[in-house]
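Chain and residue survey
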Amino acid sequence: MNRTATIVLTALAPVSWGSTYAVTTEFLPPDRPLFTSLMRALPAGLALLAVARVLPKGAWWWKSAVLGALNIGAFFPLLFLSAYRLPGGMAAVVGSLGPLFVAGLAVLLLSERPSLRTLLTGIAAALGVTLVVLKAAGAFDLIGVAAAVGSSLSMSAGTVLTKRWGRPEGVGPLALTGWQLTAGGLLMAPIALAVEGAPPALDGTAVAGYLYLAVANTALAYWLWFRGIGLLSATQVTFLGPLSPLTAAVIGWAALGESLTPLQVAGMLLALTATIAGQLLPARKPLPTPAPEAPAPDVPARVPVAR
């Protein structure tokens, strides 16, 4: 499959995630971010495990737990907390900070020096975020914004570590996705029960919403996302992130009656431009390092970025 087709398929994941906010606010029980996160992750993870029929081995037990905590266990609750407290467009667009987070984390974890073009493109995406957040409809909620930033940081760290560790030989992205969703779901389960108590009563609308989140929005979308991480560079993948806020903002405007000011529209266009430019960026140069030492078994010192 050529590079363009891979980018398009990977982009379907953040486009799908852009609908999360509308589904959460319109179909699901209110004020249940942990339960909603659990229902999105654990059923999808168990279903993928049943299909893949592959379990982690050796160091991949703890690696899967770490990735599951970052990409799922922390990301989902923070994401839904921001969705409950912020308008959809504002909550999702904060995710555009991801490219800057990834650029910084790649220095530490991938030994890659971010190019000037990468930084400028990331700043352009962040500027688009600022334009939308400062003018978004609704009251400015500090906790909601902090949760949105935290979710973006968590996902960025998970993306970089996924790129660093790669996949075990002979294991496909379907199994890796199932491992992470299951680990993240199991991590959230006792916390959700302790904090939010027994599950709420669900009507048909809520059941339909949770089914959509578990199947299309999570199992399928995350399989495409982790597949893309294995084939593209971390920079290319993370610059697809702004497609989620753009989708959320369009849905909020078209279906939920949220208003968009000209300044917000300008911010969205800027974020879209950064997304496209991010796919054209060259691979980052590795930082100078001393003579390499032999890596520990099953822990590669660095996974080269796909070109």
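Preceding this section is the structure that the text describes.
This section reports on the structure supplied with the text. Model, not experiment: these values are computed from the prediction.

Thoughts on the overall build of the protein
- The secondary structure content of the protein amounts to 13 helices and two strands.
- Long-range contacts, defined here as pairs at least 24 residues apart, represent 91% of the contacts in the protein between residues at least 6 apart.
- Summing over all exposed atoms, the protein offers an accessible surface of approximately 13,300 Å²; the carbon and sulfur share of this is 72%.

Remarks on the packing of helix H3 (residues 33–52) against helix H9 (residues 173–196)
- The N-to-C vectors of H3 and H9 enclose an angle of 145°; their axes lie 7 Å apart at closest approach. The crossing of H3 and H9 is left-handed.
- Per-class residue counts for the contact of H3 with H9 are 22 nonpolar, six polar and one charged.

Looking at H3
- A rise of 1.5 Å per residue sets the reference length of H3, with its 20 residues, at 28 Å; its end C-alpha atoms lie 29 Å apart and thus fit the reference within 8%.
- After H3 finishes, the residue Arg-53 shows a positive phi value of roughly 55°.

What to know about a nonpolar patch on the surface
- On the surface, a cluster of nonpolar side chains totalling about 390 Å² of accessible area is made up of Leu-116, Leu-119, Leu-120 and Ile-123.
- Summarising the element assignment, Leu-119 is placed in helix H7 (residues 116–135).

What to know about the side chain of Ser-37
- Note on placement: Ser-37 falls in helix H3.
- Among the polar contacts made by the side chain of Ser-37, one reaches the main-chain carbonyl oxygen of Phe-76 at a distance of 3.3 Å.
- Non-local contacts of Ser-37, meaning those with residues more than four positions away in its chain, are made with Phe-76, Pro-77, Phe-80 and Met-188.

Points about the packing of helix H12 (residues 243–255) against helix H13 (residues 262–278)
- Contact pair H12 / H13: the axes reach a minimum separation of 9 Å and the direction vectors enclose 145°. Note on packing geometry: the crossing formed by H12 with H13 is left-handed. Facing Leu-243, Leu-246 and Ala-249 of H12, the residues of H13 in contact are Met-268, Leu-272 and Thr-275.
- Of the residues that constitute the contact of H12 with H13, the class distribution is five nonpolar, one polar and no charged.

Quick notes on the nonpolar core
- By size, the foremost hydrophobic cluster in this structure holds 29 residues, and its most contacted members are Trp-17, Ile-72, Phe-76, Tyr-222 and Trp-225.
- Contributing elements (two or more residues each) for this core: helix H1 (3–17), H3, helix H4 (60–85), H9, helix H10 (204–231) and H12.
- Residue contributions to this core peak at six residues, all from H10.
- Residues in contact with Tyr-222, not counting those within four places in the same chain, are Trp-17, Arg-40, Asn-71, Ile-72, Phe-75, Phe-76, Met-155, Thr-177 and Asn-217.
- Leu-49, Val-171, Ala-175 and Leu-176 belong to the second largest nonpolar core, which has nine residues in total.

What counts, and at which threshold
- Residues numbered from 1 in each chain as written.
- Predicted model: local features only at pLDDT ≥ 70, side-chain atom pairs only at ≥ 80, totals over all residues.
- Heavy atoms only, no water.
- Helix = DSSP H or I, 4+ residues; strand = E, 2+ residues; numbered from the N terminus.
- Contact = heavy atoms within 4.5 Å.
- Areas by Shrake-Rupley, 256 points an atom, 1.4 Å probe, with all protein chains shown as cover.
- Axes fitted to C-alpha atoms, helices over the stretch in contact; angles between N-to-C directions.
- Left-handed = near helix turned anticlockwise from the far one by under 90°.
- Nonpolar A, V, L, I, M, F, W, Y, C, P; charged D, E, K, R; others polar.
- Expected span 1.5 Å × (residues − 1).
- Patch = residues over 30% accessible without salt bridge, like charges linked within 9 Å, V, L, I, M, F, W, Y side chains within 5 Å.
- Salt bridge = Lys/Arg side-chain N within 4 Å of Asp/Glu carboxyl O.
- Polar contact = N/O pair within 3.5 Å; in protein donor to acceptor, adjacent residues only side chain to side chain.
- Core = buried A, V, L, I, M, F, W, Y, C linked by side-chain atoms within 4.5 Å.
- Buried < 20%, exposed > 50% of the residue type's maximum accessible area, 1.4 Å probe, protein only.

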